[in-house]
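If you want the building blocks of each chain, they are given just below.
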Amino acid sequence: MKTLLLQILRIGSPLVTQKWLLNTSKAPPLLPFYHAVSDNRLAHISHLYPVPTTKKFIADLEWLSKEFTFVDLKTFSQSPHPNQIHLTFDDGLKQCLTTIAPILVRKGIPATFFLNSAFVDNKDLMYRYKASLLLEQCPTPSATSLELISSTLPSKTYKQALLDIRYPNRHLLDQIAETEGVSFREFLEKEQPYLTSQQVKSLQQQGFTVGAHSIDHPRYHLISLEEQLHQTLESIAFVRGQFGVAHPSFAFPFTDDGVSAAFFQQLQQKEPECITFGGAGLKIESIHNQYQRFPLEKNTHSAMKNVKTEYLYYLIKRATSKHKITRR
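Residues numbered from 1 in each chain as written. Predicted model: local features only at pLDDT ≥ 70, side-chain atom pairs only at ≥ 80, totals over all residues. Heavy atoms only, no water.

## Examining the overall build of the protein chain
Reasoning step 1: For the protein chain, the helix and strand inventory stands at 14 helices and 10 strands.
Reasoning step 2: Taking 20 Å as the expected radius of gyration for a compact globule of 328 residues, we find that the protein chain reaches 20 Å, a close match to that expectation.
Reasoning step 3: Dimensions of the protein chain, computed from the C-alpha atoms along their principal axes, are close to 60 × 45 × 45 Å.
Reasoning step 4: Sorting the 328 residues of the protein chain into buried and exposed places 53% on the buried side.
Reasoning step 5: When contacts within the protein chain are restricted to residue pairs at least 6 apart in sequence, those whose partners lie at least 24 apart make up 76%.
Reasoning step 6: Positive and negative side-chain charges of the protein chain, numbering 36 and 29 respectively, have mean locations separated by a distance of 10 Å. (Helix = DSSP H or I, 4+ residues; strand = E, 2+ residues; numbered from the N terminus. Rg over C-alpha atoms; globule rule 2.2 N^0.38 Å. Buried < 20%, exposed > 50% of the residue type's maximum accessible area, 1.4 Å probe, protein only. Contact = heavy atoms within 4.5 Å. Lys, Arg positive; Asp, Glu negative; His and termini not counted. Charge placed at Lys NZ, Arg CZ, Asp CG, Glu CD.)

## Regarding the pattern of salt bridges
Reasoning step 1: The tally for this structure, following the rule as stated, stands at nine salt bridges.
Reasoning step 2: With a shortest N-O distance of 2.8 Å, Glu136 and Arg41 are connected by a salt bridge. Taken together, the residues Glu136 in helix H6 (residues 127-137) and Arg41 in the loop between strand E1 (32-34) and helix H3 (54-67) connect sequence positions 95 residues apart.
Reasoning step 3: Look at Glu136 and you get partly exposed, because its relative accessible area is 29%.
Reasoning step 4: Taking relative accessible area as the criterion, Arg41 reaches 58% and is therefore assigned exposed.
Reasoning step 5: The partner of Asp90 in a salt bridge is Arg293, with the nearest N and O atoms 2.8 Å apart. Placement of the pair is Asp90 in the loop between strand E4 (87-89) and helix H5 (95-107) and Arg293 in the loop between strand E9 (290-292) and strand E10 (294-295), with a sequence separation of 203 residues.
Reasoning step 6: In this structure Asp90 comes out as buried when scored by relative accessible area, which is 3%.
Reasoning step 7: Residue Arg293 is classed as buried on the basis of its relative accessible area, which comes to 1%. (Salt bridge = Lys/Arg side-chain N within 4 Å of Asp/Glu carboxyl O.)

## What to know about helix H9 (residues 171-180)
Reasoning step 1: Among all positions of H9, only Leu172, Leu173, Ile176 and Ala177 are buried. Angular distribution of buried residues about the axis of H9 spans 135 degrees; they occupy a single face of the element.
Reasoning step 2: Phi turns positive one or two residues past the end of H9, at Gly181, with a value near 75 degrees. (Arc of directions from axis to C-beta.)

## Concerning the environment of Thr179
Reasoning step 1: Relative to the helices and strands, Thr179 is located in helix H9.
Reasoning step 2: Sequence separation of Thr179 and Pro141 is 38 residues, and the distance between their C-alpha atoms is 9.2 Å.
Reasoning step 3: Contacts of Thr179, omitting those with residues within four sequence positions, involve Ser142, Thr144, Ser145 and Leu148.
Reasoning step 4: One polar contact links the side chain of Thr179 to the main-chain carbonyl oxygen of Gln175, over a distance of 3.0 Å. (Polar contact = N/O pair within 3.5 Å; in protein donor to acceptor, adjacent residues only side chain to side chain.)

## Some thoughts on the side chain of Asp91
Reasoning step 1: Considering the arrangement of structural elements, one finds Asp91 in the loop between E4 and H5.
Reasoning step 2: For the buried residue Asp91, which engages in no salt bridge, the nearest side chain bearing the opposite charge is Arg293, 7.8 Å off.
Reasoning step 3: Within the structure, Asp91 has its side chain in polar contact with the side chain of His213 (distance 3.1 Å).
Reasoning step 4: Filtering out sequence-adjacent residues up to four positions away, Asp91 remains in contact with His35, Phe114, Asn116, Met126, Tyr129, Tyr194, His213 and His217.

## Observations regarding the side chain of Ser117
Reasoning step 1: By secondary structure assignment, the location of Ser117 is in the loop between strand E5 (111-115) and H6.
Reasoning step 2: Those residues in contact with Ser117, other than ones at most four positions away along the chain, are Lys123, Ser214, Ile215, Ser235 and Phe238.

## Quick word on the state of the cysteines
Reasoning step 1: According to the stated counting rule, one finds zero disulfides in the structure shown.
Reasoning step 2: For Cys274, which is in no disulfide, the shortest distance to another cysteine sulfur is to Cys96 and amounts to 19 Å. (Disulfide = S-S within 2.5 Å.)

Rendered as structure tokens:
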């Protein structure tokens, strides 16, 4: 139902102006985010979500620049405004430096890059990226791999099963890789998919900010409150200690759906100045210094269509009182 509704809204989106949507919706600030931008196929991402080309990314930025004002994280956090947007990137992938940063510098657009402490310097690979890499390098699995999967995820195709493996069962991906002769370590050493510490510092020297994104990218609703706080505080301590970040920011991996009010209360006790970000699109938050972001890479449509569709959808949510997030 939601998918069909969004399709209808997307078709009609060119008929309204962004100015009208801003004035009518009274929506909170739009906070677009991406992971990577590349003109080449990225094996560790290709089976998960679309990766914008440089041409599409530049077109997105040009449209956004006409309709909004890009601001840095400090400006946004001090005075969030619906006409201003802050651009962010998750997972600390190397394209942030090689492809994205040069474009942003050329256009004078500030941004924040969120890092996982377990992955900087290519120490390990996020479990979802492992699943994509397995599908890329081993599309036809052995009987042993199928048996490993069927014991945990029965009645699934090989691809569906790999993509449905969740954080608590991520060890299955390492077992399958060993069975199939796929080396995640070799991929990390050869391809260097993540930023190195020196590359992160290079981004900072260019005027960009960096923030925390958990230790190793779990879905927060699948881990305990204690582990949620550990993942968050440890990653904040990492960016502070490694990169001298004085004012911490944190972006939830995947989503903040299901994260309780108790989490935010305890986080604010430990890190009272920390600004946090979810990924639920345009929604009003009940938590101080918590904001929702909007993924601009979720499909191949233009930024204009995606953004206008999101504002139209917000109008519908507001009319049905579903535009606010309540924490329990």
